[in-house]
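Here is what each chain is made of, one letter per residue.
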Amino acid sequence: MLDLGRGRSYLTVMTILTILTAPDPRLKLKAAPVDGVDDDLRRFMDDMVETMYAAKGIGLAATQVGVARRVVVMDLADKGETPAPQYFVNPEITWSSPEMEVFNEGCLSVPDQYDDVERPARIRARYLNYHGAEQTIEADELLADCLQHEIDHLNGVLFIDHLSRLRRSMILKKLEKARRLGQTG
Ligand code: NI
């Protein structure tokens, strides 16, 4: 049976979603909170995880697959380790350290482009997990960076928005050129 509205079957087959790339205007939308975690949302989050794995990413926000809802998935397990997907519904940063740290970032919506972004080194956040239970987390290093990057997506912000205007326009030109050559999305 098909759920035509969302284009997905009710079989347990996962769907690889299409990842939007800059400068798609949908990446600039501010996502709305989710009412609660139900089976439909879990199925969507499963699809997000499959999509992230297929694209060899470590984090993905719903905004990036054209769904303006506050949902993030992540898996920071090293290659060769058991997959460890993490789910963050309605994530909210409740505290940021005054100390900053520079991370070299990339993004599935800005393919093959990387640059340094300075962000708070440690954060605290609250969110709902896969089962809808309220959680708080204290994060540093890659987890802190990735969470901030993904929550930015939910607010319509890309990592290139933290760069100089010159650097950002250079990256967007490279994406445009790659797209014309048929190398990306
Ligand atoms: Ni990203």
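Peer 1: Please clarify how the pairing of strand 6 (residues 100-107) should be interpreted in this entry.
Peer 2: Looking along a regular strand, one sees side chains alternate from face to face of the sheet. Examined bridge by bridge, strand 6 and strand 7 (residues 110-120) share seven bridges and lie antiparallel to one another. The residue bridging Glu101 from the neighbouring strand is Arg119, located in strand 7. With antiparallel pairing between neighbouring strands as the criterion, strand 6 and strand 7 make up a hairpin whose turn holds two residues.

Peer 1: Help me understand the nonpolar core in this model?
Peer 2: For soluble globular proteins, nonpolar side chains are generally found buried alongside one another. The biggest cluster of nonpolar side chains holds 18 residues, and the ones touching the most others in it are Leu41, Met45, Met48, Leu60, Val71, Val73 and Val89. Put simply, the parts of the chain that give this core at least two residues each are helix 1 (39-54), strand 4 (71-74) and strand 5 (86-96). Examining the composition of this core, we find that six residues originate from one element, helix 1, more than from any other. Filtering out sequence-adjacent residues up to four positions away, Met48 remains in contact with Leu17, Leu60, Ala61, Ala62, Val71, Val72 and Val73. Counting 16 residues, the second largest nonpolar core, distinct from the first, contains Val72, Phe88, Ala125 and Leu147.

Peer 1: How do you make sense of the sheet that holds strand 5 when you look at a structure like this?
Peer 2: Sheets are built from strands that pair by backbone hydrogen bonding, the pairs being arranged parallel or antiparallel. Taken in spatial order, the five strands make up an open sheet running 3-4-5-8-9, and their pairing is antiparallel. Of all the strands in the sheet, the pair left with one neighbour each is strand 3 (59-61) and strand 9 (134-140). Averaged over all neighbouring strand pairs, the angle between strand axes comes to 40°, with direction disregarded. Across the sheet, helix 1 touches strand 3, strand 4 and strand 5, and the angle it forms with strand 4 is around 45°. Contacts between helix 2 (residues 141-154) and the sheet are confined to strand 3, strand 4, strand 5, strand 8 (122-128) and strand 9, with strand 9 contributing the most and set at about 120° to the helix.

Peer 1: What exactly am I supposed to notice about the coordination of the nickel ion here?
Peer 2: As a benchmark, a tetrahedral metal site with four donors has ideal angles of 109.5 degrees, while an octahedral site with six donors has ideal angles of 90 or 180 degrees. Those protein atoms acting as donors to the nickel ion are Cys107 (SG), His149 (NE2) and His153 (NE2), and they sit at 2.1 to 2.3 Å. Each donor residue of the nickel ion lies on the same chain, and together they follow the pattern C-x41-H-x3-H. Within this pair, whereas Cys107 is found in strand 6, its partner His153 is found in helix 2, the two being separated by 46 residues in sequence. As far as the burial class goes, Cys107 and His153 line up, both buried.

Peer 1: Help me out: how do you make sense of the layout of surface pockets in this one?
Peer 2: It is the rolling of a water-molecule-sized probe over the atoms that shows where space remains empty. For the largest pocket, the calculated volume is near 530 Å³. If you go around the largest pocket, you meet 23 residues; those closest to its centre are Lys56, Gly57, Gly106, Cys107 and Leu108. Residue assignment for the lining of the largest pocket shows that the elements contributing at least two residues are strand 6, strand 7 and helix 2.

Peer 1: Got a minute to help me understand helix 3 (residues 165-180) in this structure?
Peer 2: Think of an α-helix as turning once every 3.6 residues; residues three or four places apart then point the same way. With 16 residues, helix 3 should cover 22 Å at 1.5 Å per step; its first-to-last C-alpha distance of 22 Å lies within 8% of that length. Of the positions making up helix 3, those classed as buried are Ile171, Leu175 and Ala178. On an axial view of helix 3, the arc spanned by its buried residues comes to 65°, and they lie on one face. Across helix 3 from its buried face, at more than 90 degrees, point the exposed residues Arg165, Leu166, Lys173 and Arg180. Tucked into the core, helix 3 has its buried residues touching strand 7. With its phi angle positive at about 75°, Gly182 sits one or two positions after the end of helix 3.

Conventions we followed
Residues numbered from 1 in each chain as written. Predicted model: local features only at pLDDT ≥ 70, side-chain atom pairs only at ≥ 80, totals over all residues. Heavy atoms only, no water. Pairing = 2+ DSSP bridges. Helix = DSSP H or I, 4+ residues; strand = E, 2+ residues; numbered from the N terminus. Core = buried A, V, L, I, M, F, W, Y, C linked by side-chain atoms within 4.5 Å. Buried < 20%, exposed > 50% of the residue type's maximum accessible area, 1.4 Å probe, protein only. Contact = heavy atoms within 4.5 Å. Axes fitted to C-alpha atoms, helices over the stretch in contact; angles between N-to-C directions. Donors = N, O, S within 2.8 Å, 3.2 Å for Na, K, Ca; no water. 1 Å grid on protein atoms, 1.4 Å probe; cavity = no way out; pocket = protein on both sides within 12 Å on 5 of 7 lines; lining within 4 Å. Points joined across faces, edges and corners; volume = space filled by probe spheres on them. Expected span 1.5 Å × (residues − 1). Arc of directions from axis to C-beta.

In short, the description is geometric, and any link to function would need to be established separately.
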